[in-house]
Amino acid sequence: MQLSSLQQLQASLYVAAASEQLASLDNYLQSSHGINADEFIDAWKTHTAEMLPLGRGEMRGSFPAYTLSIFWGGTNAGNCQPPQTGKRGCLSQERRPIGYNAA
Amino acid sequence: MLAMLLASMVLMIAWSVYLAMTRQYALQEDVRQFQYRVTNAAAMLKNEVARAGYLGCPSLQDGFPIEAPAEVTLSAATKIIGTENQFTVKHAAFPPAAVLDVSTDHTIIKTDLGQRFKTGQLVLMVDCRHAEIKRITHASRDDPFQFLRFDTPLISEFDAGAEISPLEINRYSVTNHALVKQAVSGRESILIEGIESMTLTYHYALGKLIGVTFKLQARQGKQIKNWYTYAPVS
């Protein structure tokens, strides 16, 4: 029971870290309109790896239409659907502006 | 003899279970404390960065007219300034008080009790067209009103309905293992204990500050761990 409680706490910490990282990159892209994004994204990936065990951050697409995903604990599944929130897990966030057509 | 042996074995098992439980509790507490510290510190810092330059009715754009004494500067470029380890944010306190009347010589204003003002305090008066920063030379109260006196007349014209707030100038840093806020009055408040360091990276786009990345270091048991957050500037 004690061990399970500790694991739940750690999982909650990982979810908090992943949420923070998703919000960080999303907020940056929204405030910069995608300008100078490459440098920020490189640092963001490094930070994700520091904050989470086997942490990995991924961005698909580009501003203003993109999907951000965070994986940890060895999870590497592509689209992170549905989100997983345990000791291994992933969270993702998608931005698709109304009326935006990538083509 | 056998009974004694069995009893000691039971005691040893009970003791090792107790030790394991204590260790687990300590580990749980470490995780809990770490999460509490970093998430709260991050939330406070993001909130403060978002409030940088908040005036009330107008937004602080380049060229917005603000009259201010020489000792204070407030502009879009100076609403948040800092170094790698500390930063200072300027904004109006919320909620404001309403200006009810201005004396004909523009040195005394009458306000409601939306804020309690003190002698010596820096205040920001604002309507949607312009703003002015003044230091109160004497504040008095006659419920439900307050009277604020300035040593020189207001330069800008303010009508009844303008807003007035204390001007907050807060400096944030990590001192003695804690995130500390130092107000313009010099008063220090410990916001979160257990933060070992804070490192800031400022981000610009088209020459304007758009946000700040905070790297917070906090202890989780014997380890120092990093937590990152990005705070957009409004």
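Please read these numbers as outputs of a predicted model, since none were measured by experiment.

J.: Explain the overall build of chain A to me, please; I cannot follow it from the model alone.
T.: A tally of regular secondary structure across chain A gives two helices and four strands. The linear arrangement of helices and strands in chain A, starting from the amino end, is α-α-β-β-β-β. Along the first, second and third principal axes, the C-alpha set of chain A runs to 50 × 25 × 20 Å. Taking all 103 residues of chain A together, 43% fall into the buried category. For chain A, the proportion of contacts with a sequence separation of at least 24, taken over those separated by at least 6, is 44%. Accessible area for chain A stands at about 5,400 Å²; split by element, carbon and sulfur atoms hold 51% of it. Computed over 7 positive and 8 negative side-chain charges, the inter-centroid distance for chain A is 10 Å.

J.: What's the story with the pairing of strand E6 (residues 122–126) of chain B in this structure? I'm lost.
T.: Remark: a regular strand shows side chains that alternate across the two faces of the sheet. Residues and elements named next belong to chain B. Of all the five residues making up E6, five are buried; the element is thus mostly covered by neighbouring parts of the structure. Where E6 and strand E7 (residues 131–135) come together, five bridges link them in antiparallel fashion. Each residue of the ladder has a partner; that of Val126, found in E7, is Ala131. In this sheet, strand E10 (residues 163–175) lies alongside E6 in antiparallel orientation, the contact comprising four bridges. Bridging across to E10, Met125 finds its partner in Ile164.

J.: Help me out: how do you make sense of the environment of Ala97(B) in this one?
T.: Residue and element names in this part refer to chain B. Within the secondary structure, Ala97 sits in strand E4 (residues 97–102). Taking the C-alpha atoms as reference points, Ala97 and Gln146, 49 residues apart in sequence, are found 9.7 Å from one another. Apart from residues no more than four positions distant in its own chain, Ala97 is found in contact with Thr111, Asp112, Gly114, Gln115, Phe117, Ala162, Glu163 and Ile164.

J.: Got a minute to help me understand the pairing of strand E1 (residues 56–62) of chain A in this structure?
T.: Residues and elements named next belong to chain A. Pairing geometry for E1 and strand E2 (residues 65–72), over seven bridges, is antiparallel. Considered in E2, the bridge of Arg60 is made with Thr67. A loop of two residues connects E1 with E2, the two strands running antiparallel in sequence.

J.: I keep staring at the nonpolar core and nothing clicks. Help me out?
T.: Soluble globular proteins tend to pack their nonpolar side chains together in the buried interior. Formed by 51 residues in total, the largest nonpolar core has its most connected members in Leu45(B), Phe87(B), Met198(B), Phe214(B), Leu216(B) and Trp227(B). Contributions of two or more residues to this core are made by helix H1 (2–32), helix H2 (37–51) and E2 of chain A together with helix H1 (2–51), strand E3 (86–92), strand E13 (195–205), strand E14 (208–220) and strand E15 (223–232) of chain B. Considering each element in turn, this core owes the most residues, eleven residues, to H1(A). Leaving out residues up to four positions away in the same chain, Leu216(B) has contacts with Val38(B), Ala41(B), Ala42(B), Leu45(B), Ile195(B), Ser197(B), Met198(B), Lys225(B), Asn226(B) and Trp227(B).

J.: Teacher, can you tell me more about the interface of chain B and chain A here?
T.: How large an interface is tends to be reported as the accessible area lost when its parts come together. If you look at the interface, chain B gives 25 residues, while chain A gives 23 residues. Carbon and sulfur atoms supply 62% of the area that chain B and chain A bury against each other, a total of about 2,100 Å² over both sides. On the chain B side of the interface with chain A, the three residues burying the most area are Trp227(B), Tyr228(B) and Tyr230(B), jointly 30% of the side's total. Across the pair Glu20(A) and Lys46(B) runs a salt bridge whose closest N-O atoms are separated by 2.7 Å. Summed over the shared surface of chain B and chain A, the number is ten residue pairs in polar contact (both at pLDDT 80 or more). At the level of elements, H1, E13, E14 and E15 of chain B are the ones that each hand at least two residues to the side of chain B that touches chain A. Per-element tally for the side of chain B that touches chain A: the top contributor is H1(B), with twelve residues.

J.: Is there a simple way to think about the pattern of salt bridges in this case?
T.: Two side chains that carry opposite charge are able to pair once their charged atoms sit near each other. Evaluation of the coordinates by the stated rule reveals ten salt bridges over all chains. Residue Arg96(A) pairs with Glu94(A) through a salt bridge whose shortest N-O separation is 3.4 Å. The exposure class of Glu94(A) is exposed, given its relative accessible area of 52%. Among the ionic pairs, Asp143(B) bridges to Arg141(B), the shortest N-O distance being 2.8 Å. Residue Arg141(B) is classed as partly exposed on the basis of its relative accessible area of 46%. Within the structure, one salt-bridge network assembled from shared partners comprises Arg56(A), Glu58(A) and Arg60(A).

J.: How do you make sense of the sheet that holds E1(A) when you look at a structure like this?
T.: Think of a sheet as strands paired side by side through backbone hydrogen bonds, with each pair either parallel or antiparallel. Residue and element names in this part refer to chain A. Taken together, the four strands give an open sheet; going across it, the order is E1-E2-E4-E3, and neighbouring strands pair in antiparallel fashion. Every other strand in the sheet has two partners, leaving E1 and strand E3 (84–85) as the edge strands with one partner each. Where E2 lies against strand E4 (residues 89–95), seven bridges are found, and the strand directions are antiparallel. Each residue of the ladder has a partner; that of Phe71, found in E4, is Cys90. Across the sheet, H2 lies against E1 and E2, angled at about 150° from E1, the strand it touches most.

Criteria and thresholds
- Residues numbered from 1 in each chain as written.
- Chains lettered and ligands numbered in written order.
- Predicted model: local features only at pLDDT ≥ 70, side-chain atom pairs only at ≥ 80, totals over all residues.
- Heavy atoms only, no water.
- Helix = DSSP H or I, 4+ residues; strand = E, 2+ residues; numbered from the N terminus.
- Buried < 20%, exposed > 50% of the residue type's maximum accessible area, 1.4 Å probe, protein only.
- Contact = heavy atoms within 4.5 Å.
- Areas by Shrake-Rupley, 256 points an atom, 1.4 Å probe, with all protein chains shown as cover.
- Lys, Arg positive; Asp, Glu negative; His and termini not counted.
- Charge placed at Lys NZ, Arg CZ, Asp CG, Glu CD.
- Pairing = 2+ DSSP bridges.
- Core = buried A, V, L, I, M, F, W, Y, C linked by side-chain atoms within 4.5 Å.
- Buried area = accessible area lost by both parts, 1.4 Å probe.
- Salt bridge = Lys/Arg side-chain N within 4 Å of Asp/Glu carboxyl O.
- Polar contact = N/O pair within 3.5 Å; in protein donor to acceptor, adjacent residues only side chain to side chain.
- Axes fitted to C-alpha atoms, helices over the stretch in contact; angles between N-to-C directions.

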